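# Residue-level structure breakdown
The residues making up each chain are set out below.
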Amino acid sequence: SAGEVVLAAKGIGVRYGGVTALDDVSFEVTEGEIIGLIGPNGAGKTTFIDAISGFADAEGSVALAGESLDGRHAHQRSRAGLGRTFQGIDLYEDLSVRENVMVGTTASLGRGAGNPPLDDAQMAQLFEVLHLDKVTERPVRELSQGQRQLVSVARALAGRPRVVLLDEPAAGLDSTESAWLGLRLKAIRDAGTTIIMVDHDMDLVLDVCDRIVVLDLGKRIAIGTPAEVRNNPDVTRAYLGSA
Ligand code: ATP
């Protein structure tokens, strides 16, 4: 319920050969929050999503609603209630929006595996929340970039996760589409899903996130409200350093 820790990441570290992609990153996410994960290129944001969702070998521990996910495979973490999207849009262009989202309920991709699939009413509600209800039978290739991003999000939500990790949902969107996406993300949160999102669109992140975690060179350099993070000199320095 609201106010409880729903995801706890402790001492997360990932190494790729000689490269330390993530180093001892810890933070807790409260149920009902939208958390933003930002940082310059190569900071470790996608690596963090991969570590939490079981797509990268990582040190440290992850707990979802008090249950340890350590040592569990990606599909088991998905089944436990962790959803995710992938950077770039990985949709089946010739299939309909509905068919693409249905993929999110099948075991083959390890997303939402084992969870009871959404029934027709729940599926209709999901499409309504994301404002995709008018285009559910259209092939994905006919959709705008903004709608396509939302189909990816819908697919991740079809497994009914408690927490969903979104990797750059605003990539390729203009500012109007991005503001629109922000409204939809708030609606998803209001419908009961906690969100962790990585994005480079600072206007979007500052607008929708309750708290922001800043990574630089694999380390957590700041955590706080949008106002706190914006005024943090370490954050400014990290971004200037990478410019
Ligand atoms: P961006 O904003 O550019 O997407 P990011 O913050 O998501 O960056 P990551 O993609 O997590 O950063 O990369 C963190 C570091 O780990 C980088 O130095 C990157 O080169 C390295 N890295 C990431 N994935 C791999 C991999 N599969 N093999 C080797 N090195 C990797």
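Our subject is the structure listed above.
This text gives an overview of the structure that appears in the document. (Residues numbered from 1 in each chain as written. Predicted model: local features only at pLDDT ≥ 70, side-chain atom pairs only at ≥ 80, totals over all residues. Heavy atoms only, no water.)

### Considerations on the overall build of the chain
A count of helical and extended segments in the chain gives nine helices and ten strands. A compact globule built from 243 residues would reach a C-alpha radius of gyration of about 18 Å, and the chain, at 17 Å, matches this within 12%. Projected onto its principal axes, the C-alpha coordinates of the chain cover approximately 50 × 40 × 35 Å. Going through the 243 residues of the chain one by one, you find that 51% of them count as buried. Long-range pairs, those at least 24 residues apart, make up 68% of the contacts in the chain between residues at least 6 apart in sequence. Taken as a whole, the chain presents about 10,900 Å² of accessible surface, with 50% of it coming from carbon and sulfur. Computing the positive centroid from 24 side-chain charges and the negative centroid from 34, the chain places the two 2 Å apart. (Helix = DSSP H or I, 4+ residues; strand = E, 2+ residues; numbered from the N terminus. Rg over C-alpha atoms; globule rule 2.2 N^0.38 Å. Buried < 20%, exposed > 50% of the residue type's maximum accessible area, 1.4 Å probe, protein only. Contact = heavy atoms within 4.5 Å. Areas by Shrake-Rupley, 256 points an atom, 1.4 Å probe, with all protein chains shown as cover. Lys, Arg positive; Asp, Glu negative; His and termini not counted. Charge placed at Lys NZ, Arg CZ, Asp CG, Glu CD.)

### Observations regarding the layout of surface pockets
Quantified by volume, the largest pocket comes out at close to 350 Å³. If you go around the largest pocket, you meet 13 residues; those closest to its centre are Gln 125, Leu 126, Leu 157, Ala 191 and Thr 193. Here the lining of the largest pocket takes four residues from helix H4 (residues 120-129), the largest share from any one element. Considering only residue class, the lining of the largest pocket consists of eight nonpolar, four polar and one charged. At the level of secondary structure, the elements contributing two or more residues to the lining of the second largest pocket comprise strand S4 (59-64) and helix H2 (74-80). Counting residues per element, the lining of the second largest pocket draws most heavily on S4, at three residues. Class assignment for the residues of the lining of the second largest pocket results in six nonpolar, four polar and five charged. (1 Å grid on protein atoms, 1.4 Å probe; cavity = no way out; pocket = protein on both sides within 12 Å on 5 of 7 lines; lining within 4 Å. Points joined across faces, edges and corners; volume = space filled by probe spheres on them. Nonpolar A, V, L, I, M, F, W, Y, C, P; charged D, E, K, R; others polar.)

### Concerning the environment of Ala 158
Along the chain, the position of Ala 158 falls in the loop between helix H5 (145-157) and strand S7 (163-167). Distance from Ala 158 to Gln 122, taken between C-alpha atoms, is 9.1 Å for residues 36 residues apart in sequence.

### Quick look at the sheet that holds S4
Strand order across the open sheet formed by four strands is S2-S1-S4-S5, with antiparallel pairing between neighbours. With partners counted over all chains shown, the strands left at the sheet margins are strand S2 (19-30) and strand S5 (67-68), one partner each. Alignment of strand S1 (residues 5-16) against S4, held across five bridges, turns out to be antiparallel. Across the sheet, the residue bridging to Leu 7 is Leu 64, located in S4. This element, helix H1 (residues 45-53), spans S1, S2 and S4 of the sheet and lies at about 115° to S1. (Pairing = 2+ DSSP bridges. Axes fitted to C-alpha atoms, helices over the stretch in contact; angles between N-to-C directions.)

### Some points on helix H6 (residues 175-190)
Between its terminal C-alpha atoms H6 stretches 23 Å, which fits the 22 Å expected from 16 residues at 1.5 Å a residue. Within H6, burial applies to Ser 178, Leu 181, Gly 182, Arg 184, Leu 185, Ala 187, Ile 188 and Arg 189. Contact partners of the buried residues in H6: strand S3 (34-38), H4, H5, S7, strand S8 (194-198) and helix H7 (202-208). At the N-terminal boundary of H6, the capping side chain belongs to Asp 174, with an oxygen 3.1 Å from the backbone nitrogen of Thr 176. Gly 192 occupies a position one or two residues after H6 and carries a positive phi of about 115°. (Expected span 1.5 Å × (residues − 1). Polar contact = N/O pair within 3.5 Å; in protein donor to acceptor, adjacent residues only side chain to side chain.)

### A short note on the pattern of salt bridges
For the structure shown, the criterion picks out 17 salt bridges. Note that Asp 94 is salt-bridged to Arg 141, the shortest N-O span being 2.8 Å. Remark: Arg 141 occurs in the loop between H4 and H5 and Asp 94 occurs in the loop between strand S6 (82-84) and helix H3 (97-103); sequence separation between them is 47 residues. Judged by relative accessible area, Asp 94 falls into the exposed class, the value being 58%. Via salt bridges that share partners, Asp 94, Arg 138, Arg 141 and Glu 142 belong to a single interconnected network. (Salt bridge = Lys/Arg side-chain N within 4 Å of Asp/Glu carboxyl O.)

### Considering the nonpolar core
Here is a general trend for soluble globular proteins: nonpolar side chains tend to be buried in one another's company. If you look at the biggest cluster of nonpolar residues, it comprises 39 residues, and the most contacted ones within it are Val 97, Val 101, Leu 130, Leu 132, Val 151, Ile 195 and Met 197. The element that contributes the greatest number of residues to this core is H5, accounting for six residues. The residues touching Met 197, leaving out its near neighbours within four places in the chain, are Ile 34, Ile 35, Gly 36, Leu 37, Leu 166, Pro 169, Leu 185, Leu 204, Val 205, Val 208 and Cys 209. Counting 26 residues, the second-largest nonpolar core is a separate cluster that includes Val 6, Leu 22, Ala 43 and Ile 49. (Core = buried A, V, L, I, M, F, W, Y, C linked by side-chain atoms within 4.5 Å.)

All quantities given are derived from atomic positions and should not be read as evidence of function.
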